[in-house]
Amino acid sequence: MSHILIETQGAITTITLNRPEKKNALTREMYQTMADALVEVNQTEHCKVVVIRAEGDVFCAGNEIAGFANHGKEPHLAETVSFMNALLNCKKTVVAEVSGKAVGIGTTMLLHCDFVYTHGEAQFVLPFINLGLVPEYASSYILPRMAGRRRASEWLLLGEPFGAQEAYQFGMVTKITEPEALRDTVNKVAAKLAAKPAFALLQSKALINNEAEAIHQHMDVELDVFIEAMGTEAAQEAFDAFLHKRPINPEKFK
């Protein structure tokens, strides 16, 4: 069974993360499948809306650490970057449905969606610093502008989970619903968007997203530092400790 499900009904394309047994942790193949789907959507005239959702009770646990860590000092991030660029460059309106926990890129991808709906039990976490890494996907650019420097620093420099209400308060989430109402809410919003005039919807999103060039540039800067961080002793220690289910040696974090 595919770990990414893609379904198109009328003007709506739905991309579903379908690896619930692994908390929807993303593999290289999953990244590329999503990237290809988003590129195709951009080129499909009749498609107006993209919905991103997940099966299971975790939206996305981030990268699959086993495959990620094995790259060591020569990381292969082509598929990840392909997905990042495809979502960032998506001209169609993107609606995210977040049920459960969103970790790492499970959270940062939401910064590039136009609508984000979740329920009150959801959690978000940007744990990069705890892995000896730095922020990615332009999160260090977008979050200070969205939530203010102090809150962005708390999320990115402490790397601790925060809840749906806090995410909503600082603009990361569009609306919080009851868990049982989440899917229906997203479906109704997607249907409303799909009924809008195509040209006006496309151009309105383009006008709203007027910092795309700056975001692209910042993402590239982050990526260079991220790759450098992956080769550090701290990152290698964090990966190894995770894979072998042992405590981190704090001496290697100095």
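Data block above holds the structure.
Residue numbers restart at each chain and count upward from 1, following the sequence in its written direction. Local features in a predicted model are, by the rule used here, given only for residues with pLDDT of at least 70; side-chain atom pairs are given and counted only at 80 or more, and totals for whole chains, interfaces and linings are based on all residues. The basis for the side-chain values is all heavy atoms of the structure; hydrogens and waters are excluded.

Undergrad: So, the sheet that holds strand E5 (residues 93–98): which residues are in play, and what are the values?
TA: Each pair of strands is called paired provided DSSP finds at least two bridges between the two strands. Numbering of helices and strands runs from the N terminus, with a helix taken as a DSSP run of H or I at least four residues long and a strand as a DSSP run of E at least two residues long. With respect to topology, 6 strands assemble into an open sheet ordered E1-E2-E3-E5-E7-E10, the strand pairing being mixed. The open sheet has two edge strands with one neighbour each: strand E1 (4–9) and strand E10 (175–177). This sheet shows a mean twist of 20° between the axes of neighbouring strands, independent of strand direction. As paired strands, E1 and strand E2 (residues 12–17) are joined by 6 bridges and run antiparallel to one another. Across the sheet, residue Ile-6 finds its bridge partner in E2, namely Ile-15. Whenever a helix is involved, its axis is fitted only over the stretch in contact; in every case the axis is a line through C-alpha atoms, and angles between N-to-C directions fall within 0 to 180 degrees.

Undergrad: Quick rundown of the side chain of Thr-13? Include the residues and the values.
TA: You can see Thr-13 is positioned in strand E2. Should any heavy atoms of two residues lie within 4.5 Å, those residues are counted as being in contact. Setting aside its immediate chain neighbours within four residues, Thr-13 contacts Ile-6, Glu-7, Thr-8, Val-41, Cys-47, Val-49, Val-50 and Val-51.

Undergrad: Kindly report on the pairing of E2, identifying the contributing residues and their values.
TA: Relative accessibility under 20% of the residue-type maximum defines a buried residue, over 50% an exposed one, and the middle range a partly exposed one, all with a 1.4 Å probe and only protein chains included. With 6 of 6 residues buried, E2 is to be regarded as a mostly interior element. Burial along E2 is two-sided: the residues Ile-12, Thr-14 and Thr-16 and Thr-13, Ile-15 and Leu-17 are all buried. Where E1 hands over to E2, the hairpin turn is made up of 2 residues, of which Gly-10 adopts a positive phi near 60°. In the sheet, E2 pairs with strand E3 (residues 49–54) via 6 bridges, with the strands oriented parallel. Each bridged residue has a counterpart across the sheet, and for Ile-15 the counterpart in E3 is Ile-52.

Undergrad: Which residues make up the packing of helix H5 (residues 139–147) against helix H6 (residues 149–158), and what values go with them?
TA: One way to put it is that H5 packs onto H6 with a least axis distance of 7 Å and a crossing angle of 135°. Judged on the interaxial angle alone, H6 and H5 are oblique. In the crossing of H5 with H6, the sense of the turn from one axis to the other is right-handed. Only Arg-149, Arg-151, Ala-152, Trp-155 and Leu-156 of H6 make contact with H5, whose side of the interface consists of Ser-139, Ser-140, Leu-143, Pro-144 and Ala-147. Put simply, angles under 35 degrees are roughly parallel, angles over 145 are roughly antiparallel, angles from 65 to 115 are roughly perpendicular, and the rest are oblique. When the near helix sits turned anticlockwise from the far one by under a right angle, the crossing is termed left-handed; a clockwise turn instead gives a right-handed crossing.

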